[in-house]
Amino acid sequence: MQNLATKLVLMRDLSPEGRPIAYKGRIREAFGAIGKQLSKIMWINLLCMVFVLPLFVVMFVVMRQYENNTIEQLGYNFSGGLGLGYGVVDDTLAGIETVYGIRKLFVLCSVLPGCMIASLGFAGAYHCCRNVLWGAKVQVLKHFARGIRNHWYKFLITFTVLGALGTGFAYFLIDMLEQYALHSAAGAGAWCGVILCGIGLLLTVMFSIVANPLFVQYKFRYRDAVKNACILSWTNILLTVLMTVLLVGPLALLFVSAMQIVIYLVVLLIGAAVWIVLDLAYGQFLGDTFIGALNEQNLINQRKEQERQTREQNRSVNRTSKKRKKSKR
C-alpha cells in the first residue's frame, strides 16, 4: 500500500488558502455546509435533475405506461380458463414474455444515453457543490455552466462506462428473472452476465466515488486523475466499499413501492446535491490524507534540499575566496 501511495501524482488542490487538511468530522463539515447554503443546494439539485430526468422518466414512467398499454391492446387472458369453458387459452406465459421483452428493450435503448446526458448535469453539480463544501462563493448558474465546460469529458467517460455496464447488468438480470418466471430456472449465460457485469459495475462505481471529487478539486490531467483514483480506491478498499454502500444503498428504495413517492420528492428537492457533497467530503478526506500530506512532505523535502544546496554553494564560494586570498599573498 505504501509503495502504491508513492506513485500518486502530487499537486495542491484548488481550495482556498489556509484550509486545514488534517482534521476530523468530515461528515459533520459536509452537513454544516449544506445547512448554511441550503437554498443554493436546492437550486443546484434542480439543475442537475434537468439532466437526470430523461432517464428517470423513461425508466419509471414511460416504460410502465407502455407495458400497461401493450397488455391492454393485446387483450391477453390471465384467468387460466377457470369458469370460462373448454377451449379458453391462458396467456400468462405470453404476457410474461411480452412484459420482460419490453423491459429489456427499454434498458438497451435508454440506460446508456440517459447516463451520458446525466453526466453533464453531474459535472456542473460537482463543480458547484465543491464550492459549497469549501465555503467559497457560489454563483449557481455561472459555476454550473463552468463545471460543464471544464469537466464534461471527464464525467462523460466515467458515466459512459457506468451506463454500458449498467445496461449489461440490468439486461441480464431481467433475462434471468424472465427465465425464472417461465421455467423456474435460469441458464448459465444469464448468471455469468449478471455476475460479470455486476462486478464490473461495482468496481466502476467505487472508482467514480473517488474519481469524481478529484476531477473538480484538483487540476490534474485526466489520466493523472484516473491513476490517483485507482490508487486511492485500492489503498482504501474497505472504506471505499463502505462509502459505496452508504451512498448507493438508499437508491434501492426506488424499487420499493411503499417508499417511492418519498424518495422521489427527496431526490427532486435536495437528494442529488446532498449525495454529491457527501461524496466530495470523502474525496477531500482521501485527497488531504494522501495527496495533500505527501505533497506537503515533498515540498518540505524540496525546501530542505534547496537549503542544503545553498549551503554547499556558499561553502564552495568561501573555499574559493580563501584560496584566492592565499594565492595573492
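(A) Looking closely at the pattern of salt bridges. Applying the stated criterion across every chain yields a total of six salt bridges. Close ionic contact of Arg12 with Asp13 constitutes a salt bridge, the shortest N to O distance being 3.6 Å. In this structure, the salt-bridge partner of Glu178 is Lys104, at a minimum N-O distance of 2.9 Å. Of this pair, Glu178 sits in helix H5 (residues 140-183) while Lys104 sits in helix H4 (residues 92-134), placing them 74 residues apart in sequence. A relative accessible area of 13% places Lys104 in the buried class. Linked by salt bridges that have partners in common, Lys104, Asp175 and Glu178 make up one network.

(B) Fine view of unusual backbone geometry. Even without being a glycine, Ser184 presents a positive backbone phi close to 65°. Mapped onto the elements of the fold, Ser184 is located in the loop between H5 and helix H6 (188-217). Looking at Ser184, the relative accessible area reads 63%, which means it is exposed.

(C) Main features of the packing of H5 against H6. Between H5 and H6, whose axes approach to 8 Å, the crossing angle comes to 155°. Overall, the two elements H5 and H6 adopt an arrangement that is roughly antiparallel. Relative to H6, H5 is oriented so that their crossing is left-handed. In terms of residue class, the contact of H5 with H6 is built from 19 nonpolar, 12 polar and two charged.

(D) A look at the side chain of His151. By the secondary structure assignment, His151 is in helix H5. Of the polar contacts made by the side chain of His151, one reaches the side chain of His127; its length is 3.3 Å. One polar contact links the side chain of His151 to the main-chain carbonyl oxygen of Phe215, over a distance of 3.4 Å. Non-local contacts of His151, meaning those with residues more than four positions away in its chain, are made with Ala123, His127, Phe215 and Val216.

About the criteria used
Counting from 1, residues in each chain are numbered in the order their sequence is written. Local features in this predicted model are restricted to residues of pLDDT 70 or higher, and side-chain atom pairs are both shown and tallied only at a pLDDT of 80 or more, whereas totals for entire chains, interfaces and linings draw on every residue. Working from all heavy atoms in the structure, the side-chain values ignore hydrogens and water. Whenever a carboxyl oxygen of Asp or Glu lies within 4 Å of a side-chain nitrogen of Lys or Arg, that contact is scored as a salt bridge. By the criteria applied, helices consist of DSSP H or I runs no shorter than four residues and strands consist of E runs no shorter than two, each listed in order from the N terminus. When a residue's accessible area, from a 1.4 Å probe over protein chains only, is under 20% of the maximum for its type it is buried; when over 50% it is exposed; and in between it is partly exposed. Axis definition: a line fitted to C-alpha atoms, limited for helices to the stretch in contact. Angles are taken between N-to-C directions and run from 0 to 180 degrees. The cut-offs work like this: below 35 degrees is roughly parallel, past 145 is roughly antiparallel, 65 to 115 is roughly perpendicular, and the gaps in between are oblique. Crossing chirality is assigned from the near helix's rotation relative to the far helix, an anticlockwise turn below a right angle marking it left-handed and a clockwise turn marking it right-handed. Under the scheme applied here, ten amino acids are nonpolar (Ala, Val, Leu, Ile, Met, Phe, Trp, Tyr, Cys and Pro), four are charged (Asp, Glu, Lys and Arg), and all others, including Gly, are polar. Between N or O atoms, a polar contact is any pair within 3.5 Å; within protein, one atom must be a potential hydrogen donor and the other a potential acceptor, and residues adjacent in sequence are included only when both atoms are from side chains. In what follows, a contact means two residues having at least one pair of non-hydrogen atoms within 4.5 Å.

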